[in-house]
Amino acid sequence: MEERRLGPVVGLGTWNTFGGNASLAQALVDVALGAGCRVFDSSPMYRGAEASLGSALEGKRDRAAIATKIWASSVAEGREQYRQQVEWFGRVEIEQVHNLVSWQEHAGWLEDEREAGRIDRLGVTRYSPSTFDELGRALRSGRFDTVQVPLNPRERDCEREILPLAAELGIAVIVMRPLGEGELIRHSVPQEALAQLGVDSWPQALLKWALSDDRVDLVIPATRNPDHARANAAAGSPPWFDAEQRQLVERLAT
């Protein structure tokens, strides 16, 4: 599990975090970069987060990889979103079709951008297990390099088909909601359990739980707290959990 196709393995999400708050974005980005985080995930859906992220990365863009999204029902709207992203970021390392919206319409022109070297990887995302059949069809099309899905001890639907399919096809897996949108970290965990896991905090345990699945490349936790962003980044280093430690996390999460 030492080789990671995307790495580093813990990124920073911008969903419901800094939005259009430029000062908060600056603080979070600076702390995350200082802690070794290199991947920043965003979307046009996230209410000004892309613009704030672009501003916060001024003078530091070469230290970061952007994983953002096209969230548009038409190609014209998608191209306009991409034009703005290039304006903010210069280029996009991972461009994802958000929630499968018009993915077949967008795949063609995004493939052209990838072929031209302006996008490194093309991906697709989906949060709802009810549409994983369609997500599987998108992956089997051979057009995508990454897939982003929810995974945490209480949301494991992607383990049935999507993770095995991604491994079979050589598609990198990005995990959204590794902390269960905050729900999983609202209860306390005994300190002796954390010591057994070799982590400093329960969020770190949840992040390592996901990363210890060798089909997972990146986890994208979101936070508004710079101290939490720093602690989250620390979860991206081995050693990874063995089967017994993963089972302990699962029990603690119930």
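Residues numbered from 1 in each chain as written. Predicted model: local features only at pLDDT ≥ 70, side-chain atom pairs only at ≥ 80, totals over all residues. Heavy atoms only, no water.

Let's talk about unusual backbone geometry
Phase 1: With an omega dihedral of 10°, the bond running from Pro238 to Pro239 counts as a cis peptide bond.
Phase 2: Mapped onto the elements, Pro239 comes out in the loop between α9 (226-234) and α10 (243-253).
Phase 3: Backbone geometry at Asn99 places phi at a positive 55°, although glycine is not the residue there.
Phase 4: Positionally, Asn99 belongs in the loop between β4 (92-97) and α4 (103-115).
Phase 5: We note that Ser102 has phi near 55°; this positive angle belongs to a residue other than glycine.
Phase 6: Position of Ser102 among the secondary structure elements: in the loop between β4 and α4. (Helix = DSSP H or I, 4+ residues; strand = E, 2+ residues; numbered from the N terminus.)

Considering the pattern of salt bridges
Close approach of charged atoms allows side chains of opposite charge to pair.
Phase 1: Tallying each qualifying case throughout the model produces 20 salt bridges.
Phase 2: When the shortest N-O distance is used, the salt bridge between Arg114 and Asp145 registers 2.8 Å. Separated by 31 residues along the polypeptide, Arg114 in helix α4 and Asp145 in the loop between α5 (132-140) and β6 (146-150) bring together distant segments of the chain.
Phase 3: Using a relative accessible area of 25% as the deciding quantity, one classes Asp145 as partly exposed.
Phase 4: When the shortest N-O distance is used, the salt bridge between Glu155 and Arg177 registers 2.5 Å. Residue Glu155 is found in the loop between β6 and α6 (162-169), and its partner Arg177 is found in the loop between β7 (172-176) and α7 (191-197); the two are separated by 22 residues along the sequence.
Phase 5: What emerges from the salt-bridge pattern is a single network uniting Arg61, Arg91, Glu93 and Asp120. (Salt bridge = Lys/Arg side-chain N within 4 Å of Asp/Glu carboxyl O. Buried < 20%, exposed > 50% of the residue type's maximum accessible area, 1.4 Å probe, protein only.)

As for the nonpolar core
Phase 1: The biggest cluster of nonpolar side chains holds 54 residues, and the ones touching the most others in it are Val147 and Trp202.
Phase 2: It is helix α8 (residues 202-211) that provides the largest number of residues to this core, a total of seven residues.
Phase 3: Filtering out sequence-adjacent residues up to four positions away, Trp202 remains in contact with Leu184, Ile185, His187, Val189, Leu194, Val249, Leu252 and Ala253.
Phase 4: Counting residues in hydrophobic clusters, the runner-up holds 19 residues, among them Leu33, Ala49, Ile66 and Ala229. (Core = buried A, V, L, I, M, F, W, Y, C linked by side-chain atoms within 4.5 Å. Contact = heavy atoms within 4.5 Å.)

Some details on the environment of Phe40
Phase 1: Inspection of the secondary structure assignment puts Phe40 in strand β2 (residues 39-41).
Phase 2: C-alpha of Phe40 to C-alpha of Leu110: the two residues are 70 residues apart in sequence and 20 Å apart in space.
Phase 3: Setting aside its immediate chain neighbours within four residues, Phe40 contacts Leu12, Val29, Ala32, Leu33, Leu53, Ala64, Ala65, Ile66 and Ala67.

Re the sheet that holds β4
Phase 1: A sheet is described by the order of its strands in space; here eight strands give the open sequence β1-β2-β3-β4-β5-β6-β7-β8, paired in parallel fashion. The sheet is open, and its two borders are formed by β1 (12-13) and β8 (218-219), each paired with just one other strand.
Phase 2: Pairing between β1 and β2: two bridges, direction parallel. Looking at β2, one finds that Gly13 is bridged to Asp41.
Phase 3: Packing against the sheet, α4 makes contact with β3 (65-70), β4 and β5 (119-125), and its axis sits at approximately 165° to β5. (Pairing = 2+ DSSP bridges. Axes fitted to C-alpha atoms, helices over the stretch in contact; angles between N-to-C directions.)

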